[in-house]
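# Structural features, examined
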Amino acid sequence: MTYIYVLGPCYSCGALFSFNPHLVPSVPVLEDGTIARGGTREPICRTCATLANRHRARLGLPLWNVSDEAYEPTEAL
Ligand SMILES: [Zn+2]
């Protein structure tokens with residue numbers, strides 16, 4: 001079996017982390033750095049995703065559904 005694992009910087013904190021590109025939480029970022037629909041999806045690390053969900057909970061917003069496998073290797077097809 002072959003697995004893939006992506007290494008990249010977290011858009012929020014800049015830390016390098018590895019993730020499953022199909023499951024990692026991400027935000028859409030425009031070329032000017034604005035977070036908006038239609039932007040390129042940029043990954044968010046586990047720590048920042050947890051912090052974002054705490055903040056969203058305080059604001060009464062729906063939480064991101066973060067898969068247990070979002071930060072694990074995925075099998076290549
Ligand atoms: Zn982060």
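Presented here is a report on the structure given in the accompanying data block.

The rules behind each value
Residues numbered from 1 in each chain as written. Predicted model: local features only at pLDDT ≥ 70, side-chain atom pairs only at ≥ 80, totals over all residues. Helix = DSSP H or I, 4+ residues; strand = E, 2+ residues; numbered from the N terminus. Contact = placed C-beta atoms within 7 Å. Pairing = 2+ DSSP bridges. Core = buried A, V, L, I, M, F, W, Y, C linked by C-beta atoms within 7 Å. Buried ≥ 20, exposed ≤ 12 C-beta atoms within 10 Å, placed from the backbone.

Turning our eyes to something else, we now look at the overall build of the chain. If you tally the helices and strands in the chain, you get one helix and six strands. Across the chain, helices and strands are ordered from the amino to the carboxyl terminus as β-β-β-β-β-α-β. Summarising its shape, the C-alpha atoms of the chain cover approximately 45 × 30 × 20 Å along the three principal directions. Sequence separation of at least 24 residues holds for 50% of the intrachain contacts in the chain that already meet a minimum separation of 6.

Examined bridge by bridge, strand 2 (residues 6–9) and strand 3 (residues 16–19) share four bridges and lie antiparallel to one another. Residue pairing in the sheet places P9 in a bridge with L16 of strand 3. If you look at the hairpin formed by strand 2 and strand 3, you'll find six residues sitting between the two strands, and G14 has a positive phi there, around 85°.

Let's shift gears to the nonpolar core. Among the nonpolar cores identified, the biggest contains six residues, and these are F19, V24, I44, C45, A49 and A70. With sequence-adjacent residues up to four places away left out, A49 is seen in contact with P25, I44, W64 and V66.

As for its placement among the helices and strands, F19 is situated in strand 3. In sequence terms F19 and R46 are 27 residues apart; their C-alpha atoms lie 9.3 Å from each other. Discounting chain neighbours no more than four positions away, the residues touching F19 are V6, V24, P43, A70 and Y71.

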